[in-house]
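# Descriptive structure summary
These are the residues of each chain, in order.
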Amino acid sequence: MKSKKSRLEKHHIEDLVGRSYMAFCVLLLIVIIISMVYFVASKGLSTFITGGVSVGEFFFGTKWAPEADTPSFGAFPFISGSFLVTLLAALIASPLSICAALFMTEIVPGWGKKLLQPVIELLAGIPSVVYGFIGLSVIVPFLRDTFPGQGIGVAAGALVLSVMILPTITSVAADALAALPQNLKESSFALGATRWQTISRVILPTTMPSIMTGVVLGMARAFGEALAVQMVIGNAPFVPKSLFESASTLTSVITLSMGNTTMGSSYNNALWSMALVLMLMTFAFVGLVRLLERRNKI
Amino acid sequence: MKPRTVDKIATSLIVFFALFIVAILVGLLGYILFRGLSHISWDFLTSAPQKIRAGGGVGPQLFNSLFLLVLTLIITVPLGLGAGIFMAEYARPGKLTGFIRLIVEVLSSFPSIVVGLFGLLLIVNYFDLGFSMISGALALTVFNLPLMVRITEQAFRSVPKQQKEAGFALGLSKWKIVTTVLFPVALPTIITGTILSAGRVFGEAAALMFTAGMSSPRLDFTNWNPLSPSSPLNPFRPAETLAVHIWKVNSEGLAPDAVEIAAGASAVLVITVLLFNLGARFFGRFIYRKLTASKRMN
Amino acid sequence: MQFRKSWIMTLALTSVLALSACGSNNGGNNAPANAGGNNAAATNAPTETSSGSDLSGSILASGSTALQPLVEQVAEKFMDKNAGVDIQVQGGGSGTGLTQVAEKQVDIGNSDVFAEEKLKGDDAEKAAALVDHQVAVVAIAAVAHKDAGVDGLTKQQLVDIFSGKVTNWKEVGGADQKIQIINRPGSSGTRATFENFALGTKTEDLQGSIQEDSSGTVKKMIGETPGAIGYLALSYLDDSVKTLSYDGVEPSVDNVISGKYPVWAYQHMYTNGEPNETVKAFLDYIMTEEVQTADVVELGYIPALNMQVARDVEGNVTKK
């Protein structure tokens, strides 16, 4: 028989072990993020510190020739390419996603949700290599036959990405619409407004900041997607002159060249600088989401 | 135009776009399965890939994907539980909690290629673990961990307040309440979330190319001694997963039936992810029913 | 390094302990993770000692994905013959292989190009420490879409096409079709070989050109895209694309061996300093007649053993 006191102590010890284990887990999260930032930054900054490339040349230079006799490291084609495909993908996916979300919550709330919810989850579950594979064997030949150019290019990349970010935007938008107070809609209907009037004048304006959160989250995913884009975009290090011309993104050039360059060479360091840009953009996207959420609360 | 006509047009447009998304999914799945299913056989699922001859399978890759998933979950689940419970039950609102929440958000939105590069730098090169299963699992941990934290936190928060208060009324310590009262109630949600996140791990390729490697040494499936380099259980061997294999076959494949293998492997990958999704739904419902039923009986 | 490994092991152990603390029932799965740790120490550090004729130890190779299939296949044969030897072959690309062998993280670094071409400037010292083993030759042919309407191109025509001076196939005697260049990224060993020995000059990337790193994708694109031109290793050639002759010389294995067809490069396996006994035995095995005439040919490479000409880092070709 144990005394009451020792049982109490056992509780205390358990509690202590539990707490310190949790502290360890949380600490690990902090260690991971700090080491990620530290390692990627220390590699990525070496282009500017020891490599002698000026920040201006890297961000705004349009000539990418790291292997040339007088190498130049203008990463503008990649940075602009990333932004271009991301924005295009968001432009294509957002209206579709908002329609899907309205369908689930406003038009046919019952079976609409039952039908679309699994569809959205499945779309989110398809791996990105499979998207790339389909992009290369369906979208590229389709674009080649329908439009001028070789099919490969910015348009193909944006189309593949738009399908990939559909689920993200749709699920956030659907949540936002579902969270809207019922009486808001009812009072609009009571005033004799049609459903579309209610949607366009009441529902969408009030939920817009939340829907934008979804769009930004989708863009964050599109910005960082690597393999699917690399397979269909063509990878020429230039700012494209048309949507059907081969171009590059930050992720595609990293995937393409990381393994072929030796660690510590200025070529390799420039790729790390691009990884750093990707990382900073993640911070920017998260910051933007926070900003939108705060505005939404007010 | 009359508002009623506008309403009709707008509604039909929304319905059209929603059904268009369903059509995209049906088209995607149909295409993948149509192209791939004819190639899937027991032999394809179990035999080793061939380098230059036709008729290779994806046996080792399928095993690697599953084993890598198990390894990743072994690492992430306990860590995610710890940090998640802390966030749900212990953390007081304040700067530190806000900071940890921000970290979780940032970690989960990092592009997988950045995680892969970080893994290459720190785990593969600096820790000298080489291209190996364990390197891959640690890299996957980086982006699976924030998901686990979020899943755990939400699961614990959704437990009714009364249960916790009843525990306190009985004079239990907080840790005891967490482990014996809250944890069992939160478990179904956690399991469902874990299975869904597992789907993402299963399809990941960009991060693994730089960490788990793109080669699959000959495996001896009769050798279950984890010390042996040819044993499938050895976590320190390089391991090509199914998703990476699709990428490699698609780009470097010398076998005459490379296209069919990529299609078959894509189908296997998608079917597995489908199974994960269905499994998560089924399991969640099953556990929920069991838990609620047993409570009524007591 | 040993210290770091033990650190990792401690972390692994901690998480294992943590697991059991959480009451999970995964004990059976954890055991391998633990036991494997000891094994990795053995795998990564090649044993210097060997007893008599029985070779033992482990070899870790990484690098070029183009060379990987050959090394993998030969490694399996070698392991069948020498039960005590364990060889692991990893990909990662030539740059990775050279980096890792220079840092002594692996025993063999596979590369498509001379180490001196990748490790330049501050890294030149590293390249000097590496010992080259040329195990095979890969020849590269210019290829075009079937409807381009030409059978061959001269060096000058190729230079004009890849530098953007000629943009239509009819200017080089083919069909009236716009030329679409399918190039490799600047870091690619295949591109370096093609530029050095087919064009004789470096070319700049052209606006609108497509760049792919992998031979499979390049072949698929050339086969599908009207007017496309690119270049592929001989082992990838088939009926889906049109193989072009170079200055009238057919890109064939015989022409490469005799030195008539100049667009080829060695496949290198680098060791850091002279290899130890086990690694040397493996490298010697690759150079045996048995492997060179069977596996090397079967996988589409050209045996280094048969070459009647040799080439040095600067590209000077000499008769053997």
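All figures in this text were calculated on a predicted structure; none of them were measured in a lab.

Time to look at helix H6 (residues 154-178) of chain A. Residues and elements named next belong to chain A. For H6, spanning 25 residues, the distance from its first C-alpha to its last is 35 Å, which sits close to the expected 36 Å at 1.5 Å a residue. Of all the bends in H6, the largest measures some 40 degrees and sits at Ile 165, one to four residues before the proline Pro 167. For H6, a buried count of 19 out of 25 residues is recorded, marking the element as mostly surrounded by other parts of the structure.

When the parts come together, some accessible area is lost, and that loss is often what is quoted as the size of the interface. On the chain B side, the residues contacting the 70 residues of chain A number 76 residues. Taken over both partners, the interface formed by chain A and chain B buries close to 6,800 Å², and the fraction arising from carbon and sulfur atoms is 83%. In terms of surface lost to chain B, no three residues of chain A exceed Met22(A), Leu29(A) and Phe133(A), which account for 10% of the buried area on that side. Counting every contact that joins chain A to chain B gives two salt bridges. Lys176(B) is the partner of Glu14(A) in a salt bridge, and the nearest nitrogen-oxygen pair spans 3.9 Å.

Turning next to the environment of Ala233(C). Along the chain, the position of Ala233(C) falls in strand E9 (residues 228-233). Taking the C-alpha atoms as reference, Ala233(C) lies 22 Å from Asp160(C); in sequence the two are 73 residues apart.

With that settled, the discussion passes to the packing of helix H3 (residues 59-90) of chain B against helix H8 (residues 174-203) of chain B. Think of two packed helices as two axes; the pair is described by the angle between the axes and how far apart they sit. Residues and elements named next belong to chain B. As a packed pair, H3 and H8 sit with axes 9 Å apart at the nearest point and diverge in direction by 140 degrees. The angle between H3 and H8 falls in the class oblique. By crossing handedness, the relation of H3 to H8 is classed as right-handed. Residues Leu 62, Ser 65, Leu 66, Leu 69, Thr 72, Leu 73, Val 77, Leu 81, Ile 85, Glu 89 and Tyr 90 of H3 form the contact with H8, whose own contacting residues are Lys 174, Trp 175, Val 178, Leu 182, Phe 183, Ile 190, Thr 194, Ala 198, Val 201 and Phe 202. Residues belonging to the contact of H3 with H8 are distributed by class as follows: 16 nonpolar, three polar and two charged.

All right, on to the packing of aromatic side chains then. The full count for this structure, using the stated rule, is 28 aromatic pairs over all chains. Taken together, a centroid distance of 5.2 Å and an interplanar angle of 85 degrees make the contact between Trp264(C) and Tyr266(C) edge-to-face. Taken individually, Trp264(C) and Tyr266(C) each receive the classification buried, so the pair is uniform in this respect. Ring pairing ties together the aromatic residues Tyr38(A), Phe39(A), Phe118(B), Tyr126(B) and Phe127(B), which thus form one cluster. A cation over a ring is seen here: Arg200(B) above Phe143(B), with NZ or CZ 4.8 Å from the ring centre. Over the ring of Phe197(C) we find Arg311(C), and its NZ or CZ is 3.4 Å from the ring centre.

Residues and elements named next belong to chain B. There is a patch of nonpolar side chains on the surface, built from Ile 9, Leu 13, Phe 16 and Phe 20 and spanning about 380 Å² of accessible area. Residue position: Leu 13 is located in helix H1 (residues 3-37). By relative accessible area, which is 44% here, Leu 13 ends up partly exposed.

All right, on to the side chain of Asp7(B) then. Assignment of secondary structure puts Asp7(B) in helix H1. Here Asp7(B) is buried and forms no salt bridge, its nearest opposite-charge partner Arg195(A) lying at an N-O distance of 4.7 Å. Among residues more than four places away in sequence, those in contact with Asp7(B) are Thr194(A), Arg195(A) and Trp196(A).

Looking at chain B, pLDDT values average 84 and 96% of them are 70 or higher. Confidence metrics for the complex model read pTM 0.86 and ipTM 0.87.

Turning our attention to the interface of chain A and chain C. The interface is formed by 31 residues belonging to chain A together with 33 residues belonging to chain C. Counting each side, the surface lost to burial between chain A and chain C is near 2,700 Å², with a carbon and sulfur contribution of 51%. If you sort the residues of chain A by the area they bury against chain C, Gln150(A), Asn260(A) and Thr262(A) come out on top, with a joint share of 22%. Where chain A meets chain C, there are two salt bridges. Inspection of the region where chain A meets chain C yields 13 residue pairs in polar contact (both at pLDDT 80 or more). Of the residues in the side of chain A that touches chain C, the class split is 13 nonpolar, 12 polar and six charged.

With that out of the way, let us pick up the side chain of Thr261(A). Mapping Thr261(A) onto the fold places it in the loop between helix H10 (250-257) and helix H11 (266-297). A distance of 3.2 Å separates a polar side-chain atom of Thr261(A) from the backbone oxygen of Ser257(A). In terms of polar contacts, Thr261(A) uses its side chain to reach the side chain of Asn268(A), at 2.9 Å. Once residues within four sequence positions are removed from consideration, Thr261(A) is found in contact with Tyr267(A), Asn268(A), Leu271(A), Gly95(C), Thr96(C), Thr99(C) and Ser187(C).

So, how was this worked out
- Residues numbered from 1 in each chain as written.
- Chains lettered and ligands numbered in written order.
- Predicted model: local features only at pLDDT ≥ 70, side-chain atom pairs only at ≥ 80, totals over all residues.
- Heavy atoms only, no water.
- Helix = DSSP H or I, 4+ residues; strand = E, 2+ residues; numbered from the N terminus.
- Expected span 1.5 Å × (residues − 1).
- Bend = angle between axes of the 7 residues up to and from the residue.
- Buried < 20%, exposed > 50% of the residue type's maximum accessible area, 1.4 Å probe, protein only.
- Contact = heavy atoms within 4.5 Å.
- Buried area = accessible area lost by both parts, 1.4 Å probe.
- Salt bridge = Lys/Arg side-chain N within 4 Å of Asp/Glu carboxyl O.
- Axes fitted to C-alpha atoms, helices over the stretch in contact; angles between N-to-C directions.
- Parallel < 35°, antiparallel > 145°, perpendicular 65-115°, else oblique.
- Left-handed = near helix turned anticlockwise from the far one by under 90°.
- Nonpolar A, V, L, I, M, F, W, Y, C, P; charged D, E, K, R; others polar.
- Phe/Tyr/Trp six-rings, centres within 6.5 Å; stacked < 30°, edge-to-face > 60°.
- Lys NZ or Arg CZ within 6 Å of the ring centre and 35° of its normal.
- Patch = residues over 30% accessible without salt bridge, like charges linked within 9 Å, V, L, I, M, F, W, Y side chains within 5 Å.
- Areas by Shrake-Rupley, 256 points an atom, 1.4 Å probe, with all protein chains shown as cover.
- Lys, Arg positive; Asp, Glu negative; His and termini not counted.
- pLDDT = per-residue confidence, 0-100.
- Polar contact = N/O pair within 3.5 Å; in protein donor to acceptor, adjacent residues only side chain to side chain.

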